[in-house]
Structure formats: C-alpha cells, structure tokens
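# Residue-level structure breakdown
One letter stands for each residue in the lines below.
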Amino acid sequence: MSEINKAPRGTNDILPEESYKWQFVEKRLMETAALFGFREIRVPVFEHTEVFTKNVGDTTDVVQKEMYTFNDKGDRSITLRPEFTAGVIRSVIEHSLTSAALPVKVCYCGGCYRYEKPQAGRLREFHQFGAECVGAASPAADAEVISLANSLLASLDIKKISLEINSIGCKSCREKYHAALKEYFSVNKDNLCGTCNERLERNPMRILDCKSPVCSKIAADAPIMLDFLCDECSQHFEGVKGHLDAMGIEYTVNPRIVRGLDYYTRTVFEFVSNNIGAQGTVCGGGRYDGLLEQMGGQPSPALGFAMGVERLLMVMESEQIPAPVPEPCDIYIAPMGEAASVKATALCCLLRNEGFEALTDIVGRGLKAQMRYANKIGALYTVVLGDSELESGKVNLKCMENGSEKEIALDNIVEELYSARISSFAEKLDI
Ligand code: ATP
Ligand code: MG
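Nothing here was measured: the structure is a model prediction, and the numbers come from that model.

## Some thoughts on the pattern of salt bridges
Counting across every chain of the model gives 22 salt bridges. Arg76 serves as the salt-bridge partner of Asp72, at 3.0 Å between the closest nitrogen and oxygen. Accessibility expressed as a relative area gives 23% for Asp72, which makes it partly exposed. Residue classification places Arg76 among the partly exposed residues on the basis of a relative accessible area of 45%. Through salt bridges with shared partners, a single ionic network connects Glu47, Arg90 and Glu94.

## Some thoughts on the layout of surface pockets
Here the second largest pocket is characterised by a volume of approximately 790 Å³. Forming the boundary of the second largest pocket are 27 residues, of which Leu380, Tyr381, Ala420, Arg421 and Ser424 lie nearest the centre. Considering each element in turn, the lining of the second largest pocket owes the most residues, 10 residues, to helix α15 (residues 413–429). Residue composition of the lining of the second largest pocket, by class: 11 nonpolar, 6 polar and 10 charged.

## Points about the nonpolar core
Across soluble globular proteins, nonpolar side chains show a tendency to be buried alongside one another. Grouped together as the largest cluster of nonpolar side chains are 53 residues, with contacts concentrated most on Val56, Val88, Phe185 and Leu208. Core analysis: the next-biggest nonpolar cluster, separate from the first, contains 45 residues, Leu29, Cys133, Leu148 and Val240 among them.

## Some remarks on empty space enclosed by the protein
For the coordinates displayed, the defined rule picks out 1 cavity of 30 Å³ or more. Of the voids in this model, the largest cavity is the one considered here, and its volume is about 30 Å³. Contributing to the lining of the largest cavity are Asp61, Arg199, Arg206, Asp209, Cys210 and Gly260.

## Some details on the packing of aromatic side chains
Counting across every chain of the model gives 10 aromatic pairs. Here the aromatic rings of Tyr184 and Phe185 are separated by 5.1 Å at their centres, their planes lie at 80 degrees, and the arrangement is edge-to-face. Under the relative-accessibility criterion, Phe185 is labelled buried at 0%. Ring centres of Tyr332 and Tyr373 lie 5.8 Å apart, and the angle between their planes is 65 degrees; this geometry places the pair in the edge-to-face category. Placement of Tyr332 in strand β12 (residues 331–335) and of Tyr373 in helix α13 (residues 367–376) is noted, with a sequence separation of 41 residues between them.

## Here we look at the sheet that holds strand β3 (residues 69–71)
The strand order β2-β4-β3 describes an open sheet built from 3 strands, whose pairing is antiparallel. Looking along the sheet, the strands with just one partner apiece sit at the ends: β2 (46–48) and β3. Strand-to-strand twist in this sheet, taken as the mean axis angle between neighbours without regard to direction, amounts to 35 degrees. The sheet contact formed by β3 and strand β4 (residues 77–80) spans 3 bridges and is antiparallel. Residue pairing for β4: Phe70 is matched across the bridge by Ile78.

## With respect to the site of ligand 1
Close contacts around ligand 1 come from 15 residues, with Arg114, Glu116, Arg122, Leu123 and Arg259 the closest. In the environment of ligand 1, an oxygen atom lies 2.9 Å from a nitrogen or oxygen atom belonging to the side chain of Arg122. Burial of ligand 1 by the surrounding chains reaches 92%, relative to a free accessible area of 580 Å². Counting residues per element, the ones that place at least two in the shell around ligand 1 are β6 (125–134), β10 (281–287) and β11 (302–308). Considering every element that reaches the shell around ligand 1, the biggest residue donor is β10, with 3 residues. Residues belonging to the shell around ligand 1 are distributed by class as follows: 5 nonpolar, 4 polar and 6 charged.

## Concerning the domain arrangement of the chain
Segmentation of the chain into domains returns domain 1 (3–170 + 230–318) and domain 2 (331–428). Between domain 1 and domain 2, the C-alpha centre-to-centre distance is 47 Å.

## Details of unusual backbone geometry
Leaving glycine out, the prevailing phi sign among residues is negative, and the prevailing peptide bond configuration is trans. A cis geometry characterises the amide bond from Leu102 onward to Pro103, with omega recorded as 0 degrees. Along the chain, the position of Pro103 falls in the loop between α4 (85–94) and β5 (104–113). The backbone of Arg266 shows a phi angle near 55 degrees, a positive value even though the residue is not glycine. Judged by its relative accessible area of 17%, Arg266 is buried. Even without being glycine, Gln320 reaches a positive phi, approximately 50 degrees. Among the residues examined, Gln320 registers a relative accessible area of 70% and is labelled exposed.

Definitions and limits used
Residues numbered from 1 in each chain as written. Chains lettered and ligands numbered in written order. Predicted model: local features only at pLDDT ≥ 70, side-chain atom pairs only at ≥ 80, totals over all residues. Heavy atoms only, no water. Salt bridge = Lys/Arg side-chain N within 4 Å of Asp/Glu carboxyl O. Buried < 20%, exposed > 50% of the residue type's maximum accessible area, 1.4 Å probe, protein only. 1 Å grid on protein atoms, 1.4 Å probe; cavity = no way out; pocket = protein on both sides within 12 Å on 5 of 7 lines; lining within 4 Å. Points joined across faces, edges and corners; volume = space filled by probe spheres on them. Helix = DSSP H or I, 4+ residues; strand = E, 2+ residues; numbered from the N terminus. Nonpolar A, V, L, I, M, F, W, Y, C, P; charged D, E, K, R; others polar. Core = buried A, V, L, I, M, F, W, Y, C linked by side-chain atoms within 4.5 Å. Phe/Tyr/Trp six-rings, centres within 6.5 Å; stacked < 30°, edge-to-face > 60°. Pairing = 2+ DSSP bridges. Axes fitted to C-alpha atoms, helices over the stretch in contact; angles between N-to-C directions. Near = heavy atom within 4 Å. Polar contact = N/O pair within 3.5 Å; in protein donor to acceptor, adjacent residues only side chain to side chain. Areas by Shrake-Rupley, 256 points an atom, 1.4 Å probe, with all protein chains shown as cover. Domains from an automatic or database assignment.

And the structure:
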C-alpha cells in the first residue's frame, strides 16, 4: 500500500472494535474527576506558537525538537498543542476564570502532537487526560491533585503502578542548584550531547531530562535538588508528604524527577508502570506557581498533571482489565419485499425513539443473507417481515441466543422488547 494511503507515521486509527474502550476510559475519568470538583474545559487543538515557546520553555525537547509548527494562510505562526497546560492557562487568563470562586478546577481530554520517534507508547498524535487546579498554594492542594490522579488510575482498576514524587524548589533556591549543576556538568562538558551543551549555560536542569544514554549516565551522579531546597520549599514538601501519608497514598521520593517542561516549581510527580516497556511514565505533573504571571495573568499558584491515554490503555491491557463490551443490537428486522421494507424502516424509527438499537436491511439482501448478517452482528432478536405478517399484523419474535420464538402483535413490539430486556436484566442479576 502506498504511503499516502496509510495514516501518517506515529498516528493510530482508533477503530470501532477499540473505540468503546476509549469511550469507557474517558467517561470514567471525567466522572471520577467530577467527584473532586473538576469540570471539563475544551480548548483549541492549535494555539499561537508563542503560547508554547514562551511557556513550556525554549530549552525543552518539546519546544526544541517536537512541535508541529506552521504558518497559516494569514501568516500567523501556529502550533498544534504538544500538551494542554499552556493552552488551558491561556484560556483561564483570557476568560478571567480566577475572578470566580477559587480554586479553578478544570480537566480535559484530547489529542496532542509531538514530532517524536514513534515506538511503543510514543506516538506523534497521542491523547492526554489531565487536570489543572489554579489558585491554591497549600500542600493540601498538591496532595489533592496527586490523590485525584491516584483515584483516576484506581477508577480504571489499575493496581500495578507506583507514585514517585520530588520537589524541584522555587526560583530562589533553584539558583544555587543551577550553579552546582553547572559546576558538575562543566567537568564532563565534552561528553554531553550538543543540545545539552547549550542547556548547560541556559538551563542545566534540562540535562537531567535528556534521553541520550551518555547524558543520562553522566546525570546519574549529579547533585540533587532536595539538598538545595529553601526552608519554605522544604516545609511545603514535608506538608505534601504528610497529607499523602494521611490519605494512605503510597509513594517514593525520587530525587531524579525533573519533568520535561520548564514551568514546574516545587512538587513534581509521576506515576510509573513497569509493565508497558520503556515508556513507563503514565502520568506526570506538578506545581507551576509562576506560569500565570509569566503568561500575563494575575500571579496565582497552580498545579496539574496529564496522563497518556494510550499508555493507560496499555497498562489496562497488561493487567487484563476489561472495558465493558458495548450492548449488542437489540433487534434486526428482516423484510421481504418492498412494502415490508418500508414498514421495517418505520418500525426501526419507532424502536430507536424508544432507545432500542434496531436495524434492518439497507443493502437489498435476500432473507438468508440477512439472517447471516443478523447473526454476525450478534442481534439479540430478529423478526421476519413478509406479506403475510403485514396482513395479519403478527410476527415471530425470535431470540437468537436460544432460538425460541414467540408470536407477537406488531403493534406491541416495543412493549415486548421492553419486557424481554427486563427479564434478561433479571436473569443476569439472578433475581
Ligand atoms: P516522556 O518522558 O515519556 O517523553 P514527557 O515528560 O514528555 O514523557 P509529559 O509532557 O509530562 O510527558 O506528558 C504527560 C504524559 O503524556 C506522559 O506521562 C505520557 O503518558 C504521555 N505522553 C507524552 N508524550 C507522549 C507520546 N509521544 N506518545 C504517547 N504518550 C505520550
Ligand atoms: Mg517527552
């Protein structure tokens, strides 16, 4: 097959046989987030490029290497969102959401775009579910947001996943840390990759997040931020841990977590799985107290996280967690002849208005082929509609599972299907 007839590299079609899992996951996550007071926000798939270059950080991999940026026909530089936070905060500021009740709690789900090397768990179009909480500075807020992420994973029955937390301090305590990092990495300057050499001057902490094996080996013994935290940051971190302990949420402190985006301050965290290969970080997030002011809004503390939906589904697969399979077609009406076909269409319309999935022939098949089709799609009931049924107003309602048939009046078809549905529920519940 020629390349142009295939989905672009790093993208996936989500086919009907998979999409129900996505719908289940997205619905469950939204419902769980609502229990914490988070409501959905929908922002554009693209933003002005500066929303990301200025705020995600121009020394990050995302901005330096991964963005889909182009000029539109009005010659504006536009970028497909590589992540949500910057766009969501742009929207929070634009619509003055912080002037209503604080904290602002929003969640979202949708596609993100990064020009990455595609591999298992790493795509060019991927999907994030995330949440942002604006206007809360206390450690309780960090703990609540982490607990939300924890509950989201639990709501999908995911068990084999661990939480790692760290603090990367604030602007003031980070200065000393940067100096210590510069000193440490300067010794190995010649071995660092080109990008990291540039980072050494401008943002040495980014080197800790470099994916190159040589750089990460050098970074393994680098000084850690926890040793440089100022009193306030240190107290904040202790506070977060205290809240997590009180909630019974298990975690380990991993001083190597720095996160890939520049706007983080203080608490950062990741939920990591060992069962989905090299790309094991399912969820990443943290506090970003400087971002609103940096983006031209009122200074306001904030934090959030995002999880990769593809990686969530991979974890679910690895733990063999099933998503509820969609209900099959309730009834297939098999017409024979033109008059029956017209009647079948009308019946389907009536049944669909009553909430039943009702299908009939729109291909022009003979009776045998229609029944084969009904079987293939797993229809629960079928009726055959021919001239004699039209005349008598009676049809045989056939249960496809056990082959039993019941003569019913066509006028009663809705009631008959309702009672069939109720008895099948009762059977499933064993009452
Ligand atoms: P990684 O270290 O895997 O590159 P990241 O630090 O770039 O992740 P974030 O920007 O924090 O990731 O995004 C949050 C989550 O989104 C990740 O934990 C992951 O689950 C998911 N994610 C990020 N990039 C991709 C991608 N290219 N393909 C699939 N999922 C992704
Ligand atoms: Mg990345």
